[in-house]
Amino acid sequence: MFFLTLLAFAVGCQAKANANTPQMGWNSWNTFKLNFNESILEKTADLLVSTGLRDAGFNYLIIDDGWQAATRAEDGRQQVNATKLPNGIAPIAKYAHERGLKIGIYSDAGIYTCGFQPGSWGYEELDAATYAQWGIDYLKYDNCGSFQAGTQSPPERFSKMRDALVASGRDIFYSLCEWGHQFPWYWADQIGQSYRMSGDITAIFSDTGKDCACKTAYCLNTGYAGCSVLTIIRKMREIAPFSKPGSFADMDMLEIGNGNMTLHQQRTHMSFWAALKSPLIIGADISKLSKESLSVLKNKNIIQISQDSLGKAALFVPELSVEKVKQVWAGDLSGGRTVVLLLNELNSTQNFELLVKALPALNSRETWKVEDVWSKEVIKVKGNYTVAVETHETKVLVFSRN
Ligand code: GAL
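Quick caveat, the model's predicted, so the values are computed rather than measured.

Some thoughts on the overall build of the protein
And step 1. When helices and strands are counted, the protein shows 11 helices and 16 strands.
And step 2. In terms of overall dimensions, the protein is globule-like: its C-alpha atoms have a radius of gyration of 21 Å, near the 21 Å expected for 402 residues.
And step 3. Structurally, the protein occupies a C-alpha span of about 70 × 50 × 40 Å along its principal axes.
And step 4. For the protein, contacts bridging at least 24 residues in sequence account for 71% of all contacts bridging at least 6.
And step 5. Accessible surface computed for the protein: about 16300 Å², of which carbon and sulfur atoms make up 52%.

Concerning the packing of helix H8 (residues 229–239) against helix H9 (residues 263–275)
And step 1. Interaxial distance between H8 and H9 falls to 11 Å at its minimum, and their mutual angle equals 25 degrees. For the element pair H8 / H9, the angle class is roughly parallel. Classified by chirality, the crossing of H9 by H8 is left-handed. The segment H8 lies against H9, with Val229, Ile232 and Ile233 engaging His269, Phe272 and Trp273.
And step 2. Looking at the contact of H8 with H9 residue by residue, the class counts come to 5 nonpolar, 1 polar and no charged.

Structural notes on the site of the ligand
And step 1. By nearness alone, 13 residues border the ligand, and Asp64, Asp65, Lys140, Asp142 and Asp200 come closest of all.
And step 2. At 2.7 Å, a side-chain N or O of Asp64 approaches an oxygen atom of the ligand.
And step 3. Between the ligand and the protein, one listed contact pairs an oxygen atom with a side-chain N or O atom of Asp200 at 2.5 Å.
And step 4. Here the shell around the ligand is built from residues that sort into 6 nonpolar, 1 polar and 6 charged.

Observations regarding the side chain of Asn299
And step 1. Along the polypeptide, Asn299 turns up in the loop between helix H10 (291–298) and helix H11 (300–306).
And step 2. A relative accessible area of 13% means that Asn299 is categorised as buried.
And step 3. Polar side-chain contacts of Asn299 include one of 3.0 Å to the backbone nitrogen of Ile302.
And step 4. Residue contacts for Asn299: discarding those within four places in its chain leaves Val373 and Trp374.

Quick look at the sheet that holds strand S11 (residues 337–344)
Neighbouring strands of a sheet are bound in pairs by backbone hydrogen bonds; such pairs are parallel or else antiparallel.
And step 1. The sheet built from 6 strands is open, its strands ordered S9-S10-S11-S16-S13-S14 with antiparallel pairing. Only two strands of the sheet have a single neighbouring strand rather than two, namely strand S9 (315–316) and strand S14 (378–381).
And step 2. The pairing of S11 with strand S16 (residues 394–401) spans 6 bridges and is classified as antiparallel. Counterpart to Thr338 in the pairing with S16 is Phe399.
And step 3. Sitting on the sheet, H8 touches S9, strand S10 (326–333) and S11, and the angle it makes with S10 is about 60 degrees.

Some points on the nonpolar core
A general feature of soluble globular proteins is that nonpolar side chains tend to end up buried together.
And step 1. Counting residues in each nonpolar core, the largest one holds 92 residues, and the members touching the most others are Phe58, Trp67, Met270, Trp273 and Trp329.
And step 2. Here this core gets 6 residues from one element, more than from any other, and that element is H8.
And step 3. Taken domain by domain, the makeup of this core includes at least three residues from each of domain 1 (2–306) and domain 2 (315–401).
And step 4. Residues Val328, Leu342, Leu362 and Val389 belong to the second largest nonpolar core, which totals 20 residues.

Brief notes about the domain arrangement of the protein
And step 1. Domains assigned within the protein are domain 1 (2–306) and domain 2 (315–401).
And step 2. Each side of the interface is counted separately: domain 1 has 25 residues, and domain 2 has 22 residues.
And step 3. Taken together, both faces of the contact between domain 1 and domain 2 bury some 2000 Å²; the carbon and sulfur share is 67%.
And step 4. Seen at the junction of domain 1 and domain 2, the total is 1 salt bridge.
And step 5. Between Arg237 and Glu323 there is a salt bridge, with the nearest N and O atoms lying 3.1 Å from each other.
And step 6. Our count for the contact surface shared by domain 1 and domain 2 stands at 6 residue pairs in polar contact (both at pLDDT 80 or more).
And step 7. The set of elements that each furnish at least two residues to the side of domain 1 that touches domain 2 consists of H8, H9 and H11.
And step 8. Residues of the side of domain 1 that touches domain 2, tallied by class, amount to 13 nonpolar, 7 polar and 5 charged.

Each value, and the rule that gives it
Residues numbered from 1 in each chain as written. Predicted model: local features only at pLDDT ≥ 70, side-chain atom pairs only at ≥ 80, totals over all residues. Heavy atoms only, no water. Helix = DSSP H or I, 4+ residues; strand = E, 2+ residues; numbered from the N terminus. Rg over C-alpha atoms; globule rule 2.2 N^0.38 Å. Contact = heavy atoms within 4.5 Å. Areas by Shrake-Rupley, 256 points an atom, 1.4 Å probe, with all protein chains shown as cover. Axes fitted to C-alpha atoms, helices over the stretch in contact; angles between N-to-C directions. Parallel < 35°, antiparallel > 145°, perpendicular 65-115°, else oblique. Left-handed = near helix turned anticlockwise from the far one by under 90°. Nonpolar A, V, L, I, M, F, W, Y, C, P; charged D, E, K, R; others polar. Near = heavy atom within 4 Å. Polar contact = N/O pair within 3.5 Å; in protein donor to acceptor, adjacent residues only side chain to side chain. Buried < 20%, exposed > 50% of the residue type's maximum accessible area, 1.4 Å probe, protein only. Pairing = 2+ DSSP bridges. Core = buried A, V, L, I, M, F, W, Y, C linked by side-chain atoms within 4.5 Å. Domains from an automatic or database assignment. Buried area = accessible area lost by both parts, 1.4 Å probe. Salt bridge = Lys/Arg side-chain N within 4 Å of Asp/Glu carboxyl O.

Right, dumping it as structure tokens:
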């Protein structure tokens, strides 16, 4: 039955927004939750420009849950919370557009959002038309409050909004937030441009043992929040092969600048989100970002890997990895280049031996040019090759033919 439903959706057409490379931007949720207002949003728009983040590619300003009034208007329209946003959404959209940004909003494929605001289930066309009228460019669509809508599967509920967005006549990017429960990597490419693959991220690097209930892609536990950076990376072993231009697995917001991650941990977080082609959506308060965190986010070479024209996610290399000790991932980049990630999970420096027989990029008699993306060092390599990696560091190496 499940597969019949999937088949039915395979004939639907995706909303048309361009998503050949993963989207980049900022989202209000991880820092502000339901407590943001017009001035915070406008200040963030200004900061995206003045910090250079917009020019680095972070061009979506996304308003998450909490913008809505508690009830719909008499005509059924969703209303804006008048205390937080007294002038509504349209002036904020205009403010963002005038600064070369795009604007995103949040709603839900159930009767309630996760913050218990009115969801869009049963109101899809009206809501999509309202968003279009306000000048919205991006919709993050969540999966809470689906109880009354429980007879409809997520692909059905998410497809309804896809059709409504297309019917609105505005090019609206469609970001699915279904937490990976019903394995959206099998069906989301027919519906939107990206899909969340896990429960909510938390600003903690290592798996504490208590973090998100599902630590592998096909786990069926519905408890979901509080996933560490390493747990989300773990889940991507099975999911990364499904990512492709126009349909990227979303590893959730970047926690760089939140919590107490070390520089190596922040760089590891950024490296994996970029090389695995996750959307890059900042979750920190930009006014409080340290110079160090800002420079991690703005690193041009890492962003180039994220935005590489092939749009192919790096994949886990089990032959070179040791559970809870070290991970090696590798992926194709345009121009015949290969990116290799070496992640050290231990609390001490360890050596990684890159073996010719396990890594296609090394699998030749040629000399390769290897660029260490974070340190900017370039060396020549032929055959097997050993690299020292510090605690929680990820070496990002780009191999190209000389
Ligand atoms: C969650 C979602 C979060 C945030 C929140 C808002 O379901 O995963 O990213 O959008 O709802 O209530």
